[in-house]
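What the coordinates show
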Amino acid sequence: MSLYVYNISNNQEFMYEKTLKEITAINKLNQKKLKINLIKTNEHLSAMFTDSDAVLIFLGETSEYHRDIIRKCNNHSIPVIITQTSPTIFPDCSFSTIISDAYDTIFKIVSHYNSANLNRFCIFTFNPNCMSDKNYVTSLWQCVPNFTTNDIFGTHDTFQTEFDYFFEKRNQYDVIICPNDIIAIKLIHEIKNRDPEYLKNHYIVGFMNSILAKLYSTTITSFAYDTNDLVQAIYVIYKTLKKNTAISSMNVQLHNKIFIGETWGDFEQKNDFNPSFRSNESFIIPNNCKSLDYSKDSDLNMLIKIEQLLLKLNLFELEILYWILCDETINKISQTLYSNPQTIHYHLNKMYSALEINTKNDFINILTPYIESDNLLTYIKKLKNSRQ
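To start, this report covers the structure provided alongside it. All figures in this text were calculated on a predicted structure; none of them were measured in a lab.

The rules behind these values
- Residues numbered from 1 in each chain as written.
- Predicted model: local features only at pLDDT ≥ 70, side-chain atom pairs only at ≥ 80, totals over all residues.
- Heavy atoms only, no water.
- Pairing = 2+ DSSP bridges.
- Helix = DSSP H or I, 4+ residues; strand = E, 2+ residues; numbered from the N terminus.
- Contact = heavy atoms within 4.5 Å.
- Axes fitted to C-alpha atoms, helices over the stretch in contact; angles between N-to-C directions.
- Core = buried A, V, L, I, M, F, W, Y, C linked by side-chain atoms within 4.5 Å.
- Buried < 20%, exposed > 50% of the residue type's maximum accessible area, 1.4 Å probe, protein only.
- Disulfide = S-S within 2.5 Å.
- Salt bridge = Lys/Arg side-chain N within 4 Å of Asp/Glu carboxyl O.
- Phe/Tyr/Trp six-rings, centres within 6.5 Å; stacked < 30°, edge-to-face > 60°.
- Parallel < 35°, antiparallel > 145°, perpendicular 65-115°, else oblique.
- Left-handed = near helix turned anticlockwise from the far one by under 90°.
- Nonpolar A, V, L, I, M, F, W, Y, C, P; charged D, E, K, R; others polar.
- Arc of directions from axis to C-beta.

All right, on to the sheet that holds strand 10 (residues 221–225) then. What the 6 strands build is an open sheet, ordered 7-6-8-9-10-12; its pairing is mixed. Edge positions in the open sheet fall to strand 7 (152–153) and strand 12 (256–259), since each of these has one partner strand only. As paired elements, strand 8 (residues 175–177) and strand 9 (residues 203–207) share 3 bridges and run parallel to each other. Bridging across to strand 9, valine 175 finds its partner in tyrosine 203. Strand contacts of helix 4 (residues 102–114): strand 6 (121–124), strand 8, strand 9, strand 10 and strand 12, with the helix running at about 165° to strand 9, the strand carrying the most contacts. Relative to strand 6, helix 6 (residues 159–169) is tilted by about 165°, and along the sheet it contacts strand 6, strand 7 and strand 8.

Counting 63 residues, the largest nonpolar core has Phe166 and Phe363 as the members making the most contacts within it. At 8 residues, the largest contribution of residues to this core is made by helix 10 (residues 298–312). Leaving out residues up to four positions away in the same chain, phenylalanine 363 has contacts with Leu309, Leu321, Ile324, Leu348, Met351, Tyr352, Leu355 and Ile357. In this structure, Ala102, Tyr136, Ile152 and Val205 belong to the second largest nonpolar core, which totals 28 residues.

Let us look at the state of the cysteines. Each disulfide consists of a covalent bond between the sulfur atoms of two cysteine residues. One pass over the structure, following the stated rule, counts 0 disulfides. There is no disulfide at cysteine 178, and the cysteine sulfur nearest it, in cysteine 122, is 7.9 Å away. Residue classification places cysteine 178 among the buried positions, given a relative accessible area of 0%. Take cysteine 289: it sits in no disulfide, and the sulfur closest to it among the cysteines is that of cysteine 130, at 13 Å. Cysteine 289 gets classed as buried once you look at its relative accessible area, which sits at 11%.

Let us look at the sheet that holds strand 11 (residues 251–254). Taken in spatial order, the 6 strands of this open sheet run 2-1-3-4-5-11, and their pairing is parallel. The sheet is open, and its two borders are formed by strand 2 (35–38) and strand 11, each paired with just one other strand. Across the sheet, the mean angle from the axis of one strand to that of its neighbour is 20°, orientation sign disregarded. One ladder, built from 4 bridges, connects strand 5 (residues 96–100) with strand 11; its direction is parallel. Bridge pairing in strand 11 links serine 100 to leucine 254.

So, on to the pattern of salt bridges. Here the structure, examined in full by the defined rule, presents 18 salt bridges. Residues arginine 71 and aspartate 92 are paired through a salt bridge, measuring 2.3 Å at the closest nitrogen-oxygen approach. A residue pair is termed long-range when its members are at least 10 positions apart, and arginine 71 in helix 3 (residues 67–75) and aspartate 92 in the loop between strand 4 (80–83) and strand 5 qualify at 21 residues. Linking arginine 120 and aspartate 174 is a salt bridge whose minimum nitrogen-to-oxygen distance equals 2.9 Å. Within this pair, whereas arginine 120 is found in the loop between helix 4 and strand 6, its partner aspartate 174 is found in the loop between helix 6 and strand 8, the two being separated by 54 residues in sequence.

What follows covers the packing of aromatic side chains. Applying the stated criterion across every chain, the model contains 22 aromatic pairs. Note on tyrosine 113 and tyrosine 203: the rings are 5.4 Å apart at their centroids and 35° apart in plane angle, and the pair reads as tilted. With tyrosine 113 in helix 4 and tyrosine 203 in strand 9, this pair connects stretches of sequence that are 90 residues apart. In this structure, tyrosine 113 and tyrosine 203 share a single accessibility class: buried. Ring geometry for tyrosine 113 against tryptophan 264: centres 5.3 Å apart, planes inclined by 70°, an arrangement best described as edge-to-face. Of the two residues, tyrosine 113 is situated in helix 4 and tryptophan 264 in the loop between strand 12 and helix 10; the sequence distance between them amounts to 151 residues.

Contact pair helix 6 / helix 7 (residues 181–194): the axes reach a minimum separation of 11 Å and the direction vectors enclose 55°. One element, helix 6, and the other, helix 7, form an angle in the oblique class. Here helix 6 runs over helix 7; the crossing is right-handed. Residues Phe159, Gln160, Phe163, Asp164, Phe166 and Phe167 of helix 6 form the contact with helix 7, whose own contacting residues are Ile183, Lys186, Leu187, Glu190, Ile191 and Arg194. Looking at the contact of helix 6 with helix 7, its residues break down into 7 nonpolar, 1 polar and 4 charged.

Attention now moves to helix 6. Along helix 6, the residues classified as buried are Phe159, Glu162, Phe163, Phe166 and Phe167. Projected onto a plane normal to the axis of helix 6, the buried residues spread over an arc of 135° and lie on a single side. Packing partners of the buried residues in helix 6 comprise strand 6, strand 7, strand 8, helix 7 and helix 10.

Residues in a regular strand project their side chains so that they alternate between the two faces of the sheet. Burial analysis of strand 5 places 5 of its 5 residues in the buried class, which makes it a mostly covered element. Neither face of strand 5 is left uncovered, since the one carrying Ser96, Ile98 and Ser100 and the one carrying Thr97 and Ile99 both have all their residues buried. Relative to strand 5, strand 4 runs parallel, the two sharing 3 bridges. Each bridged residue has a counterpart across the sheet, and for isoleucine 81 the counterpart in strand 5 is serine 96.

This is the structure in structure tokens:
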């Protein structure tokens, strides 16, 4: 099987870079004979159409632009897999889908907080163009009786405007659900600046299982499906469609795993949550919702760059980062890591370049608000243990 990966370019493509990295790592670890090809040019597409073992996967939200590619794949009998979208988005095309089980995830979140009699939920920065967001909102409607469209925050295209609107209504909610960890971190950061007491008895969760969620001063509870499960689902779809031509497509739902952080809250769990299921037939998403423009917020842009940097760092570089955040000198770091100053400078310059800065002080000033050195050290130790 040759896996061709189309990483869709938009303002949320950062969410799928981790998935792509993990797919590659899993394939290498399991020594599977899987060729992974990134599609970046038309030449890559042409090569795929001549590959009899090809399967195409879209990472990210597809749009009308991708319809012709899917049609060509159908004409060449190449299985197509789309993640995080609706099976009905292209009714004239044949493709399989792999999505997270939204209702199961929302049920777990609501059940957890229901144990502490916390039942006022909202979605912050809802994206009307994202199928995952739609599924989560619909699931909240189905299992939270008091959830209404007024609890959907997504009518502004800038974070700050949306936050100001939310901040006025913040005391109406116990739990804030964010579409990704980047938004969750930025939200907590803003609340800390304006009402730090609020975070003592209100809870914020995200999706993505980012590295930053584990390193932020208040570690974020995050949900994401296991990439091992994603890879297994890809294999199952490919083998099934190749063996049985009567099957044109498959739709797979993956259970999200919970990665617990400090924002989860420590409650005694009860098993008596039994929501009265509401049909979504009467639920209509407000037509004034807008997709958040990440490019208009410098902090969001920097958080994305930091996450992208963390994804690329190896263990040695993470240790350099830790000692830099502890404000150690280059010479001290080189001695601690049994290296030399030139090597440390080389790796640091790569990090500076990724964040588009030039000095150690700027580097520390940018990262310190978002990376707690103790959390980074814990993360490094877990990585070391996992490789033993």
